[in-house]
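Per-entry structural report
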Amino acid sequence: MAVNKLALIRYKTIDDCLKNRFRKWTLDDIIEKVSATLYELEGITSGVSKRTIQADIQLMRSDKLGYNAPIVVKDKRFYAYENPSFSITKAPINNADVDKMKEIVGVLKQFNAFNYFDEMSDMIARLENNLNKSTKQSGNHIQLESNKLVKGLECIPSLYQAVLNKRSLLIEYKSFKAQ
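Residues numbered from 1 in each chain as written. Predicted model: local features only at pLDDT ≥ 70, side-chain atom pairs only at ≥ 80, totals over all residues. Heavy atoms only, no water.

Check the secondary structure of the protein chain and you find 6 helices and 2 strands. Counting the 179 residues in the protein chain, one finds 26% classified as buried. Across the protein chain, the fraction of contacts at a sequence separation of at least 24, relative to all contacts at a separation of at least 6, is 51%. With the model as given, the accessible surface of the protein chain reaches about 13,500 Å², and the carbon-plus-sulfur share is 54%. (Helix = DSSP H or I, 4+ residues; strand = E, 2+ residues; numbered from the N terminus. Buried < 20%, exposed > 50% of the residue type's maximum accessible area, 1.4 Å probe, protein only. Contact = heavy atoms within 4.5 Å. Areas by Shrake-Rupley, 256 points an atom, 1.4 Å probe, with all protein chains shown as cover.)

The next subject is a nonpolar patch on the surface. A cluster of nonpolar side chains, namely Leu159, Leu169 and Ile171, defines an oily patch on the protein surface of about 290 Å² accessible area. Here Leu169 lies in the segment after helix H6 (156-164). According to the relative accessible area criterion, Leu169 is partly exposed, its value standing at 45%. (Patch = residues over 30% accessible without salt bridge, like charges linked within 9 Å, V, L, I, M, F, W, Y side chains within 5 Å. Salt bridge = Lys/Arg side-chain N within 4 Å of Asp/Glu carboxyl O.)

This part covers the nonpolar core. Ranked by internal contacts, the top residues of the largest apolar core, which has 24 residues, are Ile14, Ile30, Ile53, Met60, Ile71 and Tyr81. Of all elements in the fold, only helix H1 (5-19), helix H2 (27-42), helix H3 (50-61) and strand E2 (78-81) reach the threshold of two or more residues within this core. The biggest single contributor to this core is H1, with 6 residues. Ignoring any residue separated from it by four or fewer positions in sequence, one finds Tyr81 in contact with Asp15, Leu18, Lys19, Arg21, Met60, Ala69, Pro70, Ile71, Val72, Phe86, Ser87 and Ile88. Judged by nonpolar contacts, the second largest core, of 5 residues, contains Val105, Met120, Ile124 and Leu131. (Core = buried A, V, L, I, M, F, W, Y, C linked by side-chain atoms within 4.5 Å.)

Next comes the structure, spelled out in structure tokens:
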């Protein structure tokens, strides 16, 4: 599910409203605050609909984005967090997120074979170490082979830079069997 920038702004604004315990927030108050924030940050003058805010609140309550926000309606009118210290910005990382991060670290480790990514090796090692500490697990269960003696690895950084900068290259092919 793709979450766009405007949706994230709405969620953050709703979160800010519900964290403010010094004010009672009606649905109309939340709509007004979100509309003002969208105007301030993005210049959107059309505001936001009641249905959009209701859908956002339902989505924040659900597990779809991992928020599981304990949003309650008090006196059939005022919205608030049931737990006063809750915030979607403090949402813990779930096990699925940790598993995905471990997969990403595994992919990043494969780039250590390229000279261009040498400065990343320390960062990748720290990230892997912190993930392993936080989940009380150790090591990888699979490791891909990398051979620094392979010919041509020194060309990878320049090729990578050319792709990033959208530069055309003239590459001359030479067969492995050629002299």
